[in-house]
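Descriptive analysis of the structure
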Amino acid sequence: MGKHDRQADKDADFSAYMSGRQTALYRTAYLLAGDHAGAEDLLQTAFAKLYLSWDRIRDREALDGYVRRIMVNENNSLWRRAWKRREHATDTMPETGAVDVYDDGMGGALWSFVQTLPPKQRSVVVLRYYEQLSEAEIADVLGISVGTVKSQASRALAALRARAPHSLNPHESGDDAR
């Protein structure tokens, strides 16, 4: 097999993976970045880095975890860059999207609180409660200990409980069903 054939096979394999997983990975990127433009940039960067490493990845079953780790690391490094700290969110959206599932209004309100979490806490919340990864899987994706995952999750949940309005926080009501 010639060099051109190997490159064509690599491109075909990568394209098949990307087209098959792009939607699910975009949702993760959106939850990490907090907006559509940031999610698109994050996912594009992750796919570019994945493509550059494609030949070195032997365990094709671990590709999603590898891409998630790239996105988390890239998202965290974006927050450290000076130009990112100068950007400010606005109340007006440049375009609107359609909601494709029922939303009673509490999901959007809760998500607005999740977006205020520090990047590491938000990463843990997204991977745990959206991606439904185990603590051990999150530790592997983020390159941290399971204990750090637990402490970050605990801090994030405490912050969310403190920020959530009464209607979103059953622990604050007299009807505590625990």
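Preceding block: the structure.
Residues numbered from 1 in each chain as written. Predicted model: local features only at pLDDT ≥ 70, side-chain atom pairs only at ≥ 80, totals over all residues. Heavy atoms only, no water.

A word on the nonpolar core. Counting 38 residues, the largest nonpolar core has Tyr17, Leu50 and Met71 as its most contacted members. Those elements giving two or more residues to this core turn out to be helix H1 (3-33), helix H2 (36-53), helix H3 (63-80), helix H5 (106-114), helix H6 (119-130), helix H7 (135-142) and helix H8 (146-163). When residues in this core are grouped by element, the largest group, seven residues, is from H1. The contact partners of Tyr17, leaving out residues within four places of it in the chain, are Leu25, Phe47, Leu50, Trp54, Leu63, Asp64 and Val67. (Core = buried A, V, L, I, M, F, W, Y, C linked by side-chain atoms within 4.5 Å. Buried < 20%, exposed > 50% of the residue type's maximum accessible area, 1.4 Å probe, protein only. Helix = DSSP H or I, 4+ residues; strand = E, 2+ residues; numbered from the N terminus. Contact = heavy atoms within 4.5 Å.)

What follows covers unusual backbone geometry. Positive phi is not limited to glycine here, since Gln132 has a value of about 55 degrees. Mapping Gln132 onto the fold places it in the loop between H6 and H7. Take Gln132: its relative accessible area is 64%, and that puts it in the exposed class.

Turning our attention to the layout of surface pockets. When its volume is computed, the second largest pocket comes out at roughly 200 Å³. If you trace the second largest pocket, you find it lined by Ile57, Ala62, Gly65, Tyr66, Arg68, Arg69, Leu133, Glu137, Asp140 and Val141. Counting only elements with at least two residues in the lining of the second largest pocket, the list comes to H3 and H7. Per-element accounting of the lining of the second largest pocket gives the leading share, four residues, to H3. For the lining of the second largest pocket, the per-class residue count stands at five nonpolar, one polar and four charged. (1 Å grid on protein atoms, 1.4 Å probe; cavity = no way out; pocket = protein on both sides within 12 Å on 5 of 7 lines; lining within 4 Å. Points joined across faces, edges and corners; volume = space filled by probe spheres on them. Nonpolar A, V, L, I, M, F, W, Y, C, P; charged D, E, K, R; others polar.)

Using the criterion set out here, one finds four salt bridges in the structure. When the shortest N-O distance is used, the salt bridge between Glu131 and Arg68 registers 3.1 Å. Taken together, the positions of Glu131 in the loop between H6 and H7 and Arg68 in helix H3 put the pair 63 residues apart, joining distant regions of the chain. Residue Glu131 is classed as buried on the basis of its relative accessible area of 19%. (Salt bridge = Lys/Arg side-chain N within 4 Å of Asp/Glu carboxyl O.)

Its location among the elements puts Ala33 in helix H1. With a relative accessible area of 13%, Ala33 lands in the buried category. Between the C-alpha atom of Ala33 and that of Asn76, which follows or precedes it by 43 residues, the distance is 9.4 Å.

Before going further, it helps to examine the packing of aromatic side chains. Across all of its chains, the model carries four aromatic pairs by this definition. Note on Phe14 and Phe47: the rings are 6.2 Å apart at their centroids and 90 degrees apart in plane angle, and the pair reads as edge-to-face. Linking Phe14 in helix H1 with Phe47 in helix H2, this pair joins segments that are 33 residues apart in sequence. Exposure class is identical for Phe14 and Phe47. Each is buried. (Phe/Tyr/Trp six-rings, centres within 6.5 Å; stacked < 30°, edge-to-face > 60°.)

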